[in-house]
Amino acid sequence: MHVYLLYPNQNNDPNQPPPPQAEELLRDLALTPIIVTMANGDQFIAATVQRVLPNSLTDVNHIAYRQAAVQDCLRHPDVIRELYRIPVQVFELKRKRWLGLFGMHYPSSILSKARAMLVAYFDLLKALRRLADQYGAAFQSPAFSRFFTMIQQELGDNYLAEIAYHLRQLSFRDGMLASAGLGRSNEPGDYVLCKPNQPQKNWLQRLVDPTPSYAYTLPPKDEAGSRILGDLRDRSLNVAADAVAQAATHVESFFKALQRELAFYIDCLNLAERLTELHLPVAFPEPLPLPEHHFACQGLYDLSLALTTQQPVVGNDIDAGGKALFVITGANQGGKSTFLRSAGIAQLLMQCGMFVLAISFSANVCSSVFTHYKREEDATVNSGKLDEELARMSAIIDQLQPHALILLNESVAATNEQEGSEIARQIIHALLDSQIKVVFVTHLYDFARGWWRMQRADTIFLRAERQADGSRTFKLRVAEPQATSYGTDLYYQVFGEAEQVASDASAAA
């Protein structure tokens, strides 16, 4: 049986490792509060979201497949949680009862353990079937409709009855029937475990008219005979033990896959429930095919900030159309980096088939997502800060493929204005020529102004708003770059209004 809850076919590996840039995405996009909320204390679920979140889907149809499944989960959260508890119970039972085939060497031991595993799993398979019968028709998504139909077909009444029959037979309550033969040198061989004969008479008939049979009983102290008989038993059970062990392993593998794929949907439920508690809007984004450039959002919020502050945050309304380059400038602490983070998080969530924290969101699918953020000084680094920035940029460029998305936050800011602007121009030109989508938060006015004058059709300029009194709205608007980032506002926040009044008086004089 195959699960197919995350992907519509077997060409995708739901257990694939995270990409090389996963740690950078975790740090730069502040994904930790999101992962903690989605995991809700479950380490297995936390590991799942850390693996799935950076591994973006690039096929619009696959994204739609998963979105429909997530919507089903949001409509039936109790059923999904009950479904998830079934594979969890499998591994709890295995741990508590020490069920497992590791270290088993004798066929009789292997068969006994494998049967014990199947007996433990059998009730859970029946519980799975009951859920499919009771709730399967209520699910609309291709993923869950297919899954529940498969459970009903594969675990039919006749099949379950047959499993129960074989499990009873393998207990050998009435003894074990086996056959063997002798080879040319009278060596034993051709051991076969036989199906026991069904009794044709009731107990009274057998008592009155017993069937003649031959029997031999080992003396209690015949250790050699006991060993020989045990060897005969193991040889007869060898093929059966192997078959039952494979069956137990197959069923366990199915439950592992079910737990792994359902864990993602439990992630989604945990996050949705927390956002509902905070009264934050969510929307299912509209993904557009990979080659197209598109970005539009209404009320796009920074999910990480909202979960950290536990309250609503300011959202942005942007319609960039088919732009390939976003140049974001404006006042310090005006919301530039917050928007950059919100755009990156929304892109990852969209390409996981999830909802985003917005009123509406649509964007083109990207082949991958990368971040290049300004880093704090590191005393352990032997080279200069600019060298470190360029080395990280070079490592990213080596991994980039066409139609990727890269988020730059004050990159190449570790040098003077003129040199930094020239480096930025060359990097941006090269990225755009390679069909890379770029969102660039920068204080390099020489770069921003020079690019503005080119009036390129593939570029949109956004600026963080600042009110006349110096306050920030934390919103971005389409506007040309300014020569100041209003760093003096921050100075006066630290040193007080007296300094500002004195400064204004001096300027007037």
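The coordinates are above.
How each quantity is defined
Residues numbered from 1 in each chain as written. Predicted model: local features only at pLDDT ≥ 70, side-chain atom pairs only at ≥ 80, totals over all residues. Heavy atoms only, no water. Helix = DSSP H or I, 4+ residues; strand = E, 2+ residues; numbered from the N terminus. Contact = heavy atoms within 4.5 Å. Areas by Shrake-Rupley, 256 points an atom, 1.4 Å probe, with all protein chains shown as cover. Pairing = 2+ DSSP bridges. Axes fitted to C-alpha atoms, helices over the stretch in contact; angles between N-to-C directions. Salt bridge = Lys/Arg side-chain N within 4 Å of Asp/Glu carboxyl O. Buried < 20%, exposed > 50% of the residue type's maximum accessible area, 1.4 Å probe, protein only. Phe/Tyr/Trp six-rings, centres within 6.5 Å; stacked < 30°, edge-to-face > 60°. Lys NZ or Arg CZ within 6 Å of the ring centre and 35° of its normal. Polar contact = N/O pair within 3.5 Å; in protein donor to acceptor, adjacent residues only side chain to side chain. Core = buried A, V, L, I, M, F, W, Y, C linked by side-chain atoms within 4.5 Å. Expected span 1.5 Å × (residues − 1). Arc of directions from axis to C-beta.

## Here's the deal with the overall build of the protein chain
A tally of helices and strands in the protein chain yields 17 helices and twelve strands. Partitioning the intrachain contacts of the protein chain with sequence separation of at least 6 by distance along the chain shows that 75% fall at a separation of at least 24. A total of about 26,600 Å² of accessible surface is found on the protein chain, and carbon and sulfur atoms cover 51% of it.

## Points about the sheet that holds strand E4 (residues 295–300)
Taken together, the four strands give an open sheet; going across it, the order is E3-E7-E4-E5, and neighbouring strands pair in mixed fashion. Taken across any chain shown, the strands that pair with only one partner, and hence form the sheet edges, are strand E3 (286–288) and strand E5 (316–321). Here the average twist between neighbouring strands, direction ignored, is 15°. Judged from the four bridges that link them, E4 and E5 form a sheet pairing that is antiparallel. Its bridge partner lying in E5, Phe-295 is registered against Gly-321.

## Topic: the sheet that holds strand E8 (residues 369–373)
The strand order E8-E9-E10-E6-E11-E12 describes an open sheet built from six strands, whose pairing is mixed. Unpaired on one side and paired on the other, E8 and strand E12 (472–478) mark the two borders of the sheet. With direction set aside, neighbouring strand axes in the sheet form an average angle of 15°. As defined by bridge partners, strand E11 (residues 459–466) adjoins E12 across four bridges and the pair is classed as antiparallel. Paired with Arg-463 across the bridge in E12 is Arg-477. Relative to strand E10 (residues 437–441), helix H14 (residues 417–433) is tilted by about 155°, and along the sheet it contacts strand E6 (325–330), strand E9 (405–409) and E10.

## As for the pattern of salt bridges
For side chains of opposite charge, pairing can occur when their charged atoms come near one another. Counted according to the given criterion, the structure contains 17 salt bridges. With its nearest N and O atoms 3.6 Å apart, the salt bridge here joins Lys-126 to Asp-123. Residue Lys-126 and its partner Asp-123 are both found in helix H6 (residues 107–135); the two are separated by three residues, about one turn of the helix. A relative accessible area of 29% places Lys-126 in the partly exposed class. For Asp-123, a relative accessible area of 45% gives the class partly exposed. Here Glu-480 and Arg-449 are joined by a salt bridge, their closest N and O atoms 2.4 Å apart.

## Brief notes about unusual backbone geometry
Located in the positive-phi region is Val-412, a residue other than glycine, with phi close to 45°. In this structure, Val-412 sits in the loop between E9 and H14. Residue Val-412 is classed as buried on the basis of its relative accessible area of 3%. A positive phi angle is found at Gln-455, which is not glycine, with a value near 50°. Its place among the elements puts Gln-455 in the loop between helix H15 (445–454) and E11. Residue Gln-455 is classed as exposed on the basis of its relative accessible area of 56%.

## Considerations on the packing of aromatic side chains
A full pass over the atoms with the stated rule returns 15 aromatic pairs. Through successive ring pairs, a cluster of aromatic residues spans Phe-139, Phe-144, Phe-147, Phe-148, Phe-264 and Tyr-265. A cation over a ring is seen here: Arg-66 above Tyr-7, with NZ or CZ 5.0 Å from the ring centre. When the ring centre of Tyr-4 is taken as reference, the NZ or CZ atom of Arg-146 above it lies at 3.9 Å.

## With respect to the side chain of Ser-362
Along the polypeptide, Ser-362 turns up in strand E7 (residues 360–364). A distance of 2.9 Å separates a polar atom in the side chain of Ser-362 from a polar atom in the side chain of His-294. Residues contacting Ser-362, with those up to four places away along its chain left out, are Glu-286, His-294, Phe-295 and Ala-296.

## Observations regarding the nonpolar core
The biggest cluster of nonpolar side chains holds 118 residues, and the ones touching the most others in it are Phe-144, Phe-147, Phe-255, Phe-295 and Phe-361. The leading source of residues in this core is helix H10 (residues 223–277), at 19 residues. Leave out the neighbours within four places in its chain, and Phe-255 touches Ile-86, Pro-87, Val-90, Phe-91, Tyr-121, Leu-124 and Leu-125. With 26 residues, the next largest nonpolar core counts Leu-386, Met-393, Ile-406 and Ala-424 among its residues.

## Some points on the environment of Glu-273
Residue position: Glu-273 is located in helix H10. On the basis of relative accessible area, Glu-273 is assigned to the partly exposed category, the value being 37%. C-alpha separation for the pair Glu-273 and Leu-74, spaced 199 residues apart in sequence, amounts to 9.2 Å.

## A word on the pairing of E11
Here E6 pairs with E11 via six bridges, running parallel. Its bridge partner lying in E11, Val-327 is registered against Phe-461. Between E11 and the antiparallel strand that follows it, E12, lie five residues; Gly-470 among them carries a positive phi value of about 90°.

## Structural notes on H14
Note that an α-helix has 3.6 residues per turn; residues three or four places apart therefore point the same way. When the terminal C-alpha atoms of H14 are compared, their 24 Å separation across 17 residues agrees well with the 24 Å that a helix rising 1.5 Å per residue should span. Of the residues making up H14, those classed as buried are Gly-420, Ser-421, Ile-423, Ala-424, Ile-427, Ile-428, Leu-431 and Leu-432. Seen from one end, H14 has its buried residues packed into an arc of 165°, which puts them on one side. Those residues of H14 that are exposed and aimed more than 90 degrees away from the buried face are Gln-418, Gln-426 and Asp-433. Packing partners of the buried residues in H14 comprise E6, helix H13 (385–399), E9, E10 and H15. A side-chain oxygen of the first residue of H14 lies 3.2 Å from the backbone nitrogen of Gln-418; this N-cap is Asn-416. Looking at the residues trailing H14, positive phi occurs at Gln-435, about 65°.

Fair warning: the whole summary comes from geometry, so function is off the table for now.
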